[in-house]
Amino acid sequence: MSIKVHRGDGWSLSIKNLDVIKALASAPERVTQKFRFALRDIVAEISSTVITGMSDYSPGKKSPNAPLQVRTGKLQQTIQGYIRGTSFESLEGVVSAGNATVPYAHIQEYGGTITPKSSEYLRIPLPEILTDRGDVQGNYEIYNRGGRYETGSGEETYLAGSAIMVNIAGKPTPIYALVKSVKIPPRLGIRKTGADKLDYIETRFEQAIELALKPQGGA
């Protein structure tokens, strides 16, 4: 068994049983069909396990091993399993996540450090301005209005230390923290789920071989 990774706007995982491919390379169409069905079940099992393994957003710091939290649901919606290849030798079962509008699937799977692209700091919303789903409340989104930075409610923002501030009822109140970088642990778990499912994958391939080589019309 081997695992081959393809990287694109998001990322994908392809699983091939090389020993079976060598042994059955010249097998009839029936073998291809049964393996296609097996791969269909495998990628469905992996993708559904990854999706159900995510947790709803909750405030507070999480451990590196905590499940990936769902905020907008955009990443979760991109997770899919599919089959590609038309011949037995080219069959691949793929579980992918991310796309051009959700490019952060890769870092959620592999982990890494996020740094600002066009400014000195990353802007991290503080828990007090988040909704129950973990989104920034509309009144606290920041807009550039003629060179002045204001919240959605029209409050002018200013910097104090490592925070973006507003005055609420005359009281200075931090709404965003400014940081140089953020370390993201690998939480998406497609590769891990594939590894955890190896027994299921092998069993499903064995079943495909048995079905493919079983005489048609037999008991």
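The structure presented is a predicted model; accordingly, all values stated were derived computationally and were not measured.

1. A word on the confidence of the model for the protein chain
- Averaged over the protein chain, the pLDDT score is 86; the fraction of residues at 70 or greater is 85%.
- Within the protein chain, the element-level pLDDT minimum falls on strand β1 (residues 2-7), averaging 43, and the maximum on strand β13 (residues 171-179), averaging 97.
- Contacts for the low-pLDDT stretch residues 1-10, under 50 throughout, to residues beyond four places or in other chains number 35 contacts.

2. Looking at the layout of surface pockets
- Its boundaries defined by the atoms lining it, the largest pocket holds a volume of some 1,600 Å³.
- Arg71, Gln108, Ile124, Val182 and Ile184 are, among the 42 residues lining the largest pocket, the residues nearest its centre.
- Contributions of two or more residues to the lining of the largest pocket are made by β4 (69-70), α3 (74-78), α4 (105-110), β8 (122-125), β13 and β14 (182-184).
- Taken together, the residues of the lining of the largest pocket sort by class into 24 nonpolar, 9 polar and 9 charged.

3. A word on the pairing of strand β12 (residues 163-168)
- Bridge analysis of strand β11 (residues 158-160) against β12 gives 3 bridges, and the strand direction is antiparallel. Residue Ala160 lies in a different strand from β12, and its bridge partner there is Ala163.
- In this structure, the hairpin formed by β11 and β12 is closed by a connection of 2 residues, where Gly161 is found at a positive phi of approximately 65 degrees.
- Direction of pairing for β12 relative to β13: antiparallel, over a ladder of 6 bridges. Along β13, the bridge assignment pairs Ala163 with Ala177.
- With antiparallel pairing between neighbouring strands as the criterion, β12 and β13 make up a hairpin whose turn holds 2 residues, including Ala169 at a positive phi of roughly 55 degrees.

4. Overview of the nonpolar core
- In terms of nonpolar packing, the biggest core is built from 25 residues, with Phe35, Ile46, Leu75, Ala97, Leu188, Ile190 and Phe205 touching the most fellow members.
- Counting only elements with at least two residues in this core, the list comes to α2 (29-52), β6 (92-97) and α6 (198-213).
- Residue contributions to this core peak at 8 residues, all from α2.
- Membership of the second largest hydrophobic core comes to 10 residues, among which are Ile129, Leu130, Val136 and Ile164.

5. Concerning the pairing of strand β10 (residues 148-151)
- Across 4 bridges, the pairing between strand β9 (residues 142-145) and β10 is antiparallel. Each residue of the ladder has a partner; that of Ile142, found in β10, is Thr151.
- As consecutive antiparallel partners, β9 and β10 are separated by 2 residues, and within that stretch Gly146 has a phi angle of approximately 65 degrees, a positive value.

6. What to know about the packing of aromatic side chains
- One pass over the full model with this rule turns up 1 aromatic pair.
- Its end group placed over the ring of Tyr176, Arg123 keeps NZ or CZ at 5.0 Å from the ring centre.
- Above the plane of the ring of Tyr121 lies Lys180, whose end atom (NZ or CZ) is 4.8 Å from the centre.

Basis of the calculations
- Counting of residues starts from 1 at the beginning of each chain's written sequence and follows it residue by residue.
- Per-residue local features of the predicted model are confined to residues with pLDDT of at least 70, and side-chain atom pairs are confined, for both listing and counting, to 80 or more; whole-chain, interface and lining totals are unaffected and use all residues.
- Processing note: side-chain calculations cover all non-hydrogen atoms of the structure and skip hydrogens and water entirely.
- Each residue carries a pLDDT score, the predictor's own confidence in it, on a scale running from 0 to 100.
- Going along the chain from the N terminus, every DSSP run of H or I of four or more residues is numbered as a helix, and every run of E of two or more is numbered as a strand.
- The contact rule is simple, with two residues in contact once any of their heavy atoms fall within 4.5 Å.
- Lining residues are those with an atom within 4 Å of a point, where the points come from a 1 Å grid over the protein atoms alone and group into cavities, where a 1.4 Å probe fits but cannot get out, or pockets, open sets with protein on both sides within 12 Å along at least five of seven lines.
- Grid points are joined across faces, edges and corners, and a volume is the space filled by probe spheres set on the points.
- In the scheme used here, Gly and all other residues not listed as nonpolar or charged are polar, with Ala, Val, Leu, Ile, Met, Phe, Trp, Tyr, Cys and Pro taken as nonpolar and Asp, Glu, Lys and Arg as charged.
- Here the rule is simple: two strands pair whenever DSSP picks up at least two bridges between them.
- In this text, buried Ala, Val, Leu, Ile, Met, Phe, Trp, Tyr and Cys residues form a nonpolar core when linked through side-chain atoms within 4.5 Å.
- Type-normalised accessible area, obtained with a 1.4 Å probe on protein chains alone, sets the label of each residue: buried when under 20%, exposed when over 50%, and partly exposed for intermediate values.
- Within 6.5 Å between ring centres, the rings of Phe, Tyr and Trp (the latter by its six-membered ring) count as paired, and their orientation is classed by plane angle as stacked under 30 degrees, edge-to-face over 60, tilted in between.
- In this scheme, Lys NZ or Arg CZ marks a charge over a ring once it lies within 6 Å of the ring centre and within 35 degrees of the ring normal.

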